[in-house]
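Single-letter residue listing:
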Amino acid sequence: MEYDYYLINQFVFKVDDSKNVMVDHILFADKFIYVIISQYYEGNLIGKATDSSLVFISHRGKKCYTDNPLNQSKNLIKKLSSATGLNASLLIGIILINDDCKVAVTSESKQFYIIQRKRFRALTRAIEKRPLPPINEQQLEKAVQAIAKANRRKK
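Asks: How do you make sense of the overall build of the protein when you look at a structure like this?
Replies: On a plain count of helices and strands, the protein comes out with three helices and nine strands. The secondary structure elements of the protein, listed N-terminal to C-terminal, are β-β-β-β-β-β-α-β-β-β-α-α. Along the first, second and third principal axes, the C-alpha set of the protein runs to 50 × 40 × 25 Å. Burial statistics for the protein: of 155 residues in total, 41% are counted as buried. Considering only contacts within the protein whose residues lie at least 6 apart along the sequence, 51% involve residues at least 24 apart. When the accessible surface of the protein is summed, it comes to about 9700 Å², and 49% of that surface belongs to carbon and sulfur atoms. One way to put it: in the protein the 25 positive side-chain charges average out to a point 3 Å from where the 15 negative ones average out.

Asks: Sorry if this is basic, but what is going on with a negative patch on the surface here?
Replies: On the surface, a cluster of negative charge is made up of Asp4, Asp30, Glu137 and Glu141. Locating Asp30 in the fold gives a position in the loop between β2 (19-28) and β3 (33-39).

Asks: I would appreciate a short explanation of the pairing of β3 in the present structure.
Replies: For a regular strand, the rule is simple: side chains alternate between the two faces of the sheet. Burial runs high along β3: five of the seven residues are buried. Relative to β3, β2 is paired through four bridges, and the arrangement is antiparallel. Across the sheet, the residue bridging to His25 is Ile36, located in β3. Connecting β2 to the next strand, β3, in antiparallel fashion are four residues. Relative to strand β7 (residues 91-97), β3 runs parallel, the two sharing seven bridges. Each residue of the ladder has a partner; that of Val35, found in β7, is Gly93.

Asks: Explain the environment of Ile77 here, please?
Replies: Inspection of the secondary structure puts Ile77 in helix α1 (residues 69-84). The exposure class of Ile77 is buried, given its relative accessible area of 3%. In this view, Ile77 contacts Val35, Ala88, Leu91, Ile92, Gly93, Gln111 and Phe112; residues no more than four positions away in its chain are not counted.

What counts, and at which threshold
Residues numbered from 1 in each chain as written. Predicted model: local features only at pLDDT ≥ 70, side-chain atom pairs only at ≥ 80, totals over all residues. Heavy atoms only, no water. Helix = DSSP H or I, 4+ residues; strand = E, 2+ residues; numbered from the N terminus. Buried < 20%, exposed > 50% of the residue type's maximum accessible area, 1.4 Å probe, protein only. Contact = heavy atoms within 4.5 Å. Areas by Shrake-Rupley, 256 points an atom, 1.4 Å probe, with all protein chains shown as cover. Lys, Arg positive; Asp, Glu negative; His and termini not counted. Charge placed at Lys NZ, Arg CZ, Asp CG, Glu CD. Patch = residues over 30% accessible without salt bridge, like charges linked within 9 Å, V, L, I, M, F, W, Y side chains within 5 Å. Salt bridge = Lys/Arg side-chain N within 4 Å of Asp/Glu carboxyl O. Pairing = 2+ DSSP bridges.

Interpretation note: all reported values are geometric properties and have no functional meaning in isolation.
Pasting the structure below:
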């Protein structure tokens, strides 16, 4: 069915012998797999996607620097791809932020995004309209089942 996707919440995977990493949400769609990190900011974000830090402006107007969450997303995609064998080109990294956070982060990336929750559906629909063939349904279902089984959340 149209827009009938698989979703795994709180996926925990092993990076090495002593470290596990958690992904808030993994959404398996027709053409891509979305690796989603949820963040909450009490203020606004400004900067460039390539910067190591972004400018955070609190609702009271105080400015400070915060780590760029897009870098966290890039690192997470690399680790997830390595741990699962999923092709990194199929993975789209999304930092999902609260709707009242205004975001002005310039980016030319077609793989990593920082967006408000209310814009998520429009973004995924636009990405899924890219002129690429869909992932094979049987292979996608097997990948979903294998990843769900590998979830270390309860271990």
